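Now for the letters of each chain:
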Amino acid sequence: MPKAYVYTRHGGPEAEAFADVDRPSPGPGELLIAVRAAGVNPVDWKLRGGLRLPGAAEPVFPVVFGSEAAGVVEELGEGVTGFAVGDEVFGNTVGGAFAEHALLPAAVTAHKPAALSFTDAATLPVAAATAYDGVRQLGLPEGATLLITGAGGGVGAAAVQIARAWGLRVVGLASEAKKEFVESLGAVHVPSGPGLAERVRAVAPEGVDGVYDLVGGEVLTEAADLLADRTGLITAGAAPETVAALGGARVERARTAAVLDEVAELVVGGELDPHVSATFPLDQADRALRAVEDGHARGKIVIEVAG
C-alpha cells in the first residue's frame, strides 16, 4: 500500500504517525498524481493542533498532512480536460500531500514548466501564491514602500521578491538571525520585536505605503500605526475581524491555475527563488514538520517522494 504521513487526532507531535493508505480515486474535476514533492507549511501543524479553516468540515481521522504538491498525472476524474496521463503538474491538494499519491482539483492545478523542478514547484501553490495574491491586492505603484512582516518565512520571502520584481521598495521585518537572508532578497531588514514602528521609521522616514502582515498579534497592531491610510494594510496572519478592526483586510486568495502559471514563470524567469532550505524524504516527514514548527526555518521546507 502507498505510504503517507498522518495525524490521528488533534494534538501535538505525538498525534502524528506513518500509515498505509488506500490509493485515492479522483472524483469529478480531480486529478490523481504520483507525488514527487510536497511543500511543508505552518498551517500543517496548526491543523493538527485543531485549527479549523473557514468552511472546512470536521476532519475524519486519520488525516494526511499537506496541502501543496507536484507530481505526475496518473488518472483523470470525470470531466477533466486540458490534462493527460503523464503530465507533470503542481497545485493544491484535496486530502493531503505527504503521501505517494495525492488528489488535485483540476481548476487549481497548473502544468509544470520543464525548467522548473518538482521540488521548487511544490513550494508555489501555498506560499508563493499567497505572496502573489497579497502584493497584487495592495496594488502599490512602482517606487512605493512596502513593509512585510515575517519576511524571512516561506510566504514572506516570496512576497519580498515579487514586490521587488514589481518595482517596490521593501522593508522586511524578521529576526536578527534572518537579517542576511532578508537582505539577500532585496529588502531593507528591520529586527522584529517590540518597538518595531520606531525602527521602521528610522529606515523609511518618508513612511510606508503598504503593510503586508504575515505575523498577526502585536506586530500587526504596531505595524498598522505606520499607515496614514489603513486600506494599505492586509494580513495573512490574523483573523478577518482582527484586521478589520484596524481598518485593513485579509488577503483575498485567488486560488486559480492562472496564478500558479504566473508564479511559475517568475521562478523560471529568475525573479523568484523559492529558497528551499532543506529537503527530507517521505520517511522523514516528521523531521520536516519539526523544521517548520520550531519557527526557525528560512524559506521553504520540502518533502521529496521517490519516483
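Right above here is the structure, for reference.
Please read these numbers as outputs of a predicted model, since none were measured by experiment.

Colleague: When you look at the packing of aromatic side chains in this model, what are you seeing that I'm missing?
Modeller: To describe a pair of aromatic rings, one takes the distance between the centres and the angle between the planes. Counting across every chain of the model gives six aromatic pairs. Ring plane angle 55° and centroid distance 4.9 Å describe the contact between Tyr-7 and Phe-65, whose orientation is recorded as tilted. Of this pair, Tyr-7 sits in strand S1 (residues 3–7) while Phe-65 sits in the loop between strand S4 (63–64) and strand S5 (68–76); the two residues are 58 residues apart in sequence, bridging distant segments of the chain. Here the two residues Tyr-7 and Phe-65 agree in accessibility, since each one is buried. Ring centres of Phe-65 and Phe-98 lie 5.9 Å apart, and the angle between their planes is 25°; this geometry places the pair in the stacked category. Here Phe-65 is found in the loop between S4 and S5, whereas its partner Phe-98 is found in the loop between strand S6 (88–92) and strand S7 (101–105), with 33 residues between them in sequence. Classification of Phe-65 as buried rests on a relative accessible area of 1%. An aromatic cluster of at least three residues, connected via ring pairs, comprises Tyr-5, Tyr-7, Phe-18, Phe-61, Phe-65 and Phe-98. Here Lys-112 stacks its cationic end above the ring of Phe-118, 4.7 Å away from the centre of that ring.

Colleague: Sorry, what's going on with helix H3 (residues 124–138) here?
Modeller: Each α-helix turn comprises 3.6 residues. Residues three or four places apart therefore point the same way. An ideal rise of 1.5 Å per residue puts 21 Å on 15 residues; H3 measures up with 20 Å between its terminal C-alpha atoms. Among the 15 residues of H3, 13 are classified as buried, and the element is accordingly described as predominantly covered. Looking one or two residues past H3, Gly-139 carries a phi angle of roughly 60°, positive in sign.

Colleague: Please explain unusual backbone geometry as it appears in this structure.
Modeller: Most peptide bonds take the trans configuration, and most residues that are not glycine carry a negative phi. Phe-61 connects to Pro-62 through a cis peptide bond whose omega is 0°. Inspection of the secondary structure puts Pro-62 in the loop between helix H1 (42–48) and S4. Positive phi, normally seen in glycine, also occurs at Arg-255, with a value near 50°. Structurally, Arg-255 is set in the loop between strand S14 (249–250) and helix H9 (257–268). Phi is positive for His-275, close to 50°, though the residue is something other than glycine. Relative to the elements of secondary structure, His-275 occurs in the loop between H9 and strand S15 (276–281).

Colleague: Explain the packing of H3 against helix H4 (residues 154–165) here, please?
Modeller: When two helices pack together, you describe them by how their axes are tilted relative to each other and by the distance separating the axes. Packing of H3 against H4 brings their axes to within 8 Å, and their N-to-C directions diverge by 50°. Considered as vectors, H3 and H4 are oriented oblique to each other. Considering only the axes of H3 and H4, their crossing is right-handed. Only Gly-154, Val-155, Ala-158, Ala-159, Ile-162 and Ala-163 of H4 make contact with H3, whose side of the interface consists of Ala-127, Ala-128, Thr-130, Ala-131, Tyr-132 and Val-135. Residues of the contact of H3 with H4, tallied by class, amount to ten nonpolar, two polar and no charged.

Definitions and cut-offs
- Residues numbered from 1 in each chain as written.
- Predicted model: local features only at pLDDT ≥ 70, side-chain atom pairs only at ≥ 80, totals over all residues.
- Heavy atoms only, no water.
- Phe/Tyr/Trp six-rings, centres within 6.5 Å; stacked < 30°, edge-to-face > 60°.
- Helix = DSSP H or I, 4+ residues; strand = E, 2+ residues; numbered from the N terminus.
- Buried < 20%, exposed > 50% of the residue type's maximum accessible area, 1.4 Å probe, protein only.
- Lys NZ or Arg CZ within 6 Å of the ring centre and 35° of its normal.
- Expected span 1.5 Å × (residues − 1).
- Axes fitted to C-alpha atoms, helices over the stretch in contact; angles between N-to-C directions.
- Parallel < 35°, antiparallel > 145°, perpendicular 65-115°, else oblique.
- Left-handed = near helix turned anticlockwise from the far one by under 90°.
- Contact = heavy atoms within 4.5 Å.
- Nonpolar A, V, L, I, M, F, W, Y, C, P; charged D, E, K, R; others polar.

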